[in-house]
Amino acid sequence: MTIVFSDLKGSTAMGEKLDSEAVREVMSRYFDEMRLALERHGGTVEKYIGDAIMAVFGLPRLHEDDALRAVRAAAEMRDTLAALNQELEERWGVTVGNRTGVNTGEVVAGDPSAGQRLVTGDTVNTAARLEQAAPTNEVLLGDPTYRLVRHAVEIEPVEPLELKGKAERVAAYRLISVAAAESVERRHDSPLVGRGRELSLLESELEGAVRNTECRLVTLTAQAGVGKSRLIEEFARLTASEARMVRGRCLPYGRGITFWPLVEIVREAADIRDEDAPDQVRAKLSELGGPNGGDLVARVASAIGLAEADFPLDEVFWGTRKLFELEAARHPLIVVFEDIHWAENAFLDLIEHVAANSSGSPLLLLCAARPDLLERREDWLQNRGQTIELEPLSADESALIAEHLLGDAAIPEDARDRIVAAAEGNPLFVEQLLSMLIDDGLLQREGDRWIPAGDLSELAIPGTIQALLAARLDLLSAAERAVIEPASVIGLVFDRPPLEELAPEPVREEVEAHLVSMTQKQLVREHTERTDPSYRFQHILVRDAAYQGILKRARAGLHERFADWAERINRERHREAEFDEILGYHLEQAHQYLSELGPLDDHGLELGRRGAAHLSVAGGRAFARGDMAAAANLLRRAVTLLPERDPTRLAMLPGLAEAMMETGEFAWAEIFLGEAVEGATALRDERLRADALLTSLLVRHHVATDLGAFRAELERTTAELIPMLESREAHTELATAWRMIAFNHAAVCRWEAAAAAGRKMIEHARLAGNKRLEARLSGADS
């Protein structure tokens, strides 16, 4: 969500100049104007705090362009104040100022349906601090907001601010102006990729309209970012010599009046400019209609606010159709209506009227929409036109888009593959992921190459995509949200039985119906790669957006409940060992979220112990099969879930250290071993201390520079530990001790002694009853 915090300046001076009733009237006028500016752009006034006003964009409903709406509202508040001050000066002899901060991020909000709209969180606090830091009559944008709107604003960077409550300086930007722009920045300057079939279909429709002098209707459908606008741009380029194209866009709010697309089309067709005087506008309209077109121009002008007379809808429809036919008779005409999923029903009726009744002129009506349109108008295009559904691009095509966007510099194959995999065929997602990586310094140009400068293994969702997907999810019913959110906890692919377990009781019997509904909305799809009935999120970023919309405590509960269900089912099927890593992950997540919310209670600590048990078993299996990278990862996660002095944690540390040694992380191995020795000593656990000391020798065997001193220490340590271990029949640790002795003898070519120590090593591994250890030590270098 985006927060706008604005503070009135000058009320103190007013109090000295005016009486209290006049001050109240001035402040009421000010707050009325500011509230109207905020609400015109879709904001909700959250509260008034003294001389300040706070509004939230994204409540009660999220929109993909909430940040842009908020910035436009802040700019309008600033501009409105200039006009308001003229009134205040004339009437009361005073002027006021304001300062505004805008910030975007996660907030915690009450249930608006229950009247609980209060939002809290660091995002709110930062917006308030930005407002306090802003000069009078200026707007400061936080960095998260700027990243979402930078394609639409002119700004001036300011020195990073020291804000109360923030440990580090905060980047901020002074807003200069806001331009008309799409909600998400899109690139149209790179070659079109993978749309040859769709282009051919559009060209064929235009040829048919011209050949038969008729009207044809085509609707392009796809989710945001798949390439509707880019395809239209390329179609316009290819047909520029044979047809004229005019375009109008349906807006999601504010100026998105019923006939706004017609406003844009008429302005473009008649070459009407913002600076034209009313007489010039009327003259251009008359020229557009021709000598006998007064009636049709009057009706169209009334619909778009350029005439005083009003006409019924059917006459507006008639005038629009005739105007299009007139223009098409002069030259084949392509009329593009973009984003008609946001159109009012009356405007959709207008399009259908033109398509059904126009004749005698070569006219192509080209509509671009998201699949949401077909939910509102199930009969759209029925017997009247053609639908072209844009499919996601292939991996190769997505990779080509990435290469085009990056220009002449090459990108490493692994980085490209991660971007392509995360984007899943959506060109906008490719573009935004690349932009995020470059902005965050995770992808840096060096000469003729792009070099990864950080971990790209898990790509975050760029704020632009997060806003777009969150807005889609926010359109779901409460019951659908109650299904898709637990599905996101299960994972990218999910089966119905666990989902029915996690869904709230009232919707459990309707899970299948809601999945069918969300399949139609292209949020999930049936997963055909499994024999059992299962589903997959349409896109991994849809899953991530749904997951991030869940409060942390609720996430923790869902992860725990899934682990409980899976443990029970696996026991019934006698397949407990098969899913240790998955169960460990879900318990790990539950533990993590609860720890972020405050000190862990006994229940939270128990979740950690359960998760550590599963992860350590999975790590042990990885260790035994020689997959040391996986072993190190799993065991490290396991120990993180346990308290520092927990004996189970300390017992895991030597194995973790050995796995990390095998992956080359010697420094971390030594740190963990030092902790193990210290903890074992404190607990007076001699066997654990011996295990840690022997593993420490194993690690240092690989990095020691003074080999003589190292061999002497090894001899002293093993001589000290072996008798104690023998008295306790600690065969696993004895195997490690004799392994080190074998290493020591072999280093100075005492082969017979090394062989004898090797036999002792194998013998103790066998006595330990650990066949995996025996097999691993049998293959160890000696």
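Residues numbered from 1 in each chain as written. Predicted model: local features only at pLDDT ≥ 70, side-chain atom pairs only at ≥ 80, totals over all residues. Heavy atoms only, no water.

Student: Let's hear about the overall build of the protein chain: which residues, and what values?
Tutor: When helices and strands are tallied, the protein chain shows 32 helices and 19 strands. Principal-axis analysis of the C-alpha atoms gives the protein chain an extent of 115 × 75 × 60 Å. Counting across all 782 residues of the protein chain, residues that qualify as buried make up 51%. Restricting to contacts in the protein chain with at least 6 residues of sequence separation, those with at least 24 account for 69%. Looking at the protein chain as shown, the accessible area adds up to about 36200 Å², and 48% of this sits on carbon and sulfur atoms. Looking at charge distribution, the protein chain has the averaged site of its 90 positive side-chain charges lying 2 Å from that of its 131 negative ones. (Helix = DSSP H or I, 4+ residues; strand = E, 2+ residues; numbered from the N terminus. Buried < 20%, exposed > 50% of the residue type's maximum accessible area, 1.4 Å probe, protein only. Contact = heavy atoms within 4.5 Å. Areas by Shrake-Rupley, 256 points an atom, 1.4 Å probe, with all protein chains shown as cover. Lys, Arg positive; Asp, Glu negative; His and termini not counted. Charge placed at Lys NZ, Arg CZ, Asp CG, Glu CD.)

Student: An account of the pattern of salt bridges is needed here, citing residue identities and associated values.
Tutor: In this structure the tally under the stated criterion is 59 salt bridges. The closest approach of N and O atoms between Arg370 and Glu64, which form a salt bridge, is 2.7 Å. Of this pair, Arg370 sits in the loop between strand 13 (363-369) and helix 13 (372-376) while Glu64 sits in the loop between strand 3 (52-57) and helix 3 (66-92), and the two are 306 residues apart along the sequence. For Arg649, the salt bridge is made with Glu675, and the minimal N-O distance between the two is 2.8 Å. Highlighted residues: Arg649 in helix 26 (residues 647-662) and Glu675 in helix 27 (residues 666-683), separated in sequence by 26 residues. (Salt bridge = Lys/Arg side-chain N within 4 Å of Asp/Glu carboxyl O.)

Student: Describe in detail the packing of helix 18 (residues 478-490) against helix 20 (residues 511-520), supporting the description with residues and values.
Tutor: At a closest axis distance of 10 Å, the pairing of helix 18 and helix 20 adopts a crossing angle of 95°. It follows from the interaxial angle that helix 18 and helix 20 lie roughly perpendicular. Along its contact with helix 18, which presents Ala479, Glu480, Val483 and Ile484, the element helix 20 presents Val511, His514, Leu515, Ser517 and Met518. Among the residues making up the contact of helix 18 with helix 20, the classes are represented as six nonpolar, two polar and one charged. (Axes fitted to C-alpha atoms, helices over the stretch in contact; angles between N-to-C directions. Parallel < 35°, antiparallel > 145°, perpendicular 65-115°, else oblique. Nonpolar A, V, L, I, M, F, W, Y, C, P; charged D, E, K, R; others polar.)

Student: Give me the environment of Leu499: which residues, what numbers.
Tutor: Residue placement: Leu499 occurs in helix 19 (residues 496-502). For the pair formed by Leu499 and Glu424, sequence separation is 75 residues and the distance between their alpha carbons is 24 Å.

Student: Let's hear about the pairing of strand 15 (residues 443-446): which residues, and what values?
Tutor: When strand 15 meets strand 16 (residues 449-452), the two strands line up antiparallel, connected through four bridges. Each residue of the ladder has a partner; that of Gln444, found in strand 16, is Ile451. Connecting strand 15 to the antiparallel partner strand 16 that follows it, the hairpin turn spans two residues, and Gly447 within it adopts a positive phi of roughly 65°. (Pairing = 2+ DSSP bridges.)

Student: Go over the sheet that holds strand 18 (residues 524-526), please, and point to the residues and values.
Tutor: With antiparallel pairing, the three strands of this open sheet are ordered in space as 17-19-18. Each edge of the sheet is formed by a strand with only one pairing partner; in this case those strands are strand 17 (493-495) and strand 18. Averaged over all neighbouring strand pairs, the angle between strand axes comes to 30°, with direction disregarded. Pairing analysis gives three bridges linking strand 18 to strand 19 (residues 534-537), with the strands arranged antiparallel. Counted as the bridge partner of Arg525 is Arg536 from strand 19. Lying on the sheet, helix 20 is in contact with strand 17, strand 18 and strand 19; it crosses strand 18 at an angle near 110°.

Student: If you had to explain helix 15 (residues 413-423) to someone new, which residues and values would you point to?
Tutor: Among all positions in helix 15, only Ala415, Arg416, Ile419, Val420, Ala422 and Ala423 are buried. End-on, the buried residues of helix 15 take up no more than an arc of 165°, which puts them together on one face. For helix 15, the exposed residues lying more than 90 degrees away from the buried face are Glu413 and Asp414. (Arc of directions from axis to C-beta.)

Student: Quick rundown of the nonpolar core? Include the residues and the values.
Tutor: Residues Leu434 and Phe494 are the most contacted members of the largest nonpolar core, which totals 67 residues. With residues up to four places along the chain from it excluded, the contact list for Phe494 reads Ala487, Leu499, Leu515, Val524, Ser534, Tyr535, Arg536 and Phe537. With 51 residues, the next largest nonpolar core counts Phe623, Leu641, Ala692 and Met724 among its residues. (Core = buried A, V, L, I, M, F, W, Y, C linked by side-chain atoms within 4.5 Å.)

Student: Describe the sheet that holds strand 11 (residues 244-249), naming the residues involved and giving the relevant values.
Tutor: Strand order across the open sheet formed by five strands is 11-12-13-10-14, with parallel pairing between neighbours. The sheet terminates laterally at strand 11 and strand 14 (386-389), the two strands that pair on one side only. Between one strand axis and the next, the sheet turns through 20° on average, direction left out of account. With seven bridges joining them, strand 10 (residues 215-221) and strand 13 adopt parallel strand pairing. Within the sheet, the bridge partner assigned to Val218 lies in strand 13 and is Leu366. Along the sheet face, helix 8 (residues 260-270) touches strand 11 and strand 12 (333-338) and points at about 145° away from the line of strand 11.

Student: Explain the packing of aromatic side chains residue by residue, including any values.
Tutor: One pair of aromatic rings is described through two measures. These are the centre distance and the angle between the planes. Counted by the stated rule, this structure contains eleven aromatic pairs. Taken together, a centroid distance of 5.2 Å and an interplanar angle of 70° make the contact between Tyr30 and Phe31 edge-to-face. Overall, Tyr30 belongs to the buried group, its relative accessible area being 1%. An angle of 80° between the planes, with centres 5.4 Å apart, marks the rings of Phe337 and Phe347 as edge-to-face. On the criterion of sequence distance, the pair formed by Phe337 in strand 12 and Phe347 in helix 12 (residues 345-357) is long-range, its members being ten residues apart. By the burial criterion, Phe337 is buried, and Phe347 matches it. Among the aromatic residues, those joined into a cluster by ring pairs are Phe259, Phe324, Phe337 and Phe347. (Phe/Tyr/Trp six-rings, centres within 6.5 Å; stacked < 30°, edge-to-face > 60°.)

Student: Tell me about the packing of helix 10 (residues 294-303) against helix 11 (residues 313-330), and please be specific about residues and values.
Tutor: Close contact between helix 10 and helix 11 brings their axes to 8 Å; oriented N to C, the two are set at 120°. Where helix 10 crosses over helix 11, the two elements pack in a sense that is left-handed. Here Asp295, Leu296, Arg299, Val300, Ser302 and Ala303 of helix 10 come into contact with helix 11, specifically with Glu315, Val316, Trp318, Gly319, Thr320, Lys322 and Leu323. Counted by class, the contact of helix 10 with helix 11 contains six nonpolar, three polar and four charged residues. (Left-handed = near helix turned anticlockwise from the far one by under 90°.)

Student: Break down the environment of His341 for me, citing the residues and quoting the values.
Tutor: With respect to the secondary-structure elements, His341 resides in the loop between strand 12 and helix 12. Residue His341 is classed as buried on the basis of its relative accessible area of 7%. Sequence separation between His341 and Ala369 is 28 residues, and the spatial gap between their C-alpha atoms is 5.3 Å. Once residues within four sequence positions are removed from consideration, His341 is found in contact with Ala369, Arg370, Leu373 and Arg376. Looking at His341, its side chain comes within polar contact range of the main-chain nitrogen of Arg370, at 3.1 Å. (Polar contact = N/O pair within 3.5 Å; in protein donor to acceptor, adjacent residues only side chain to side chain.)

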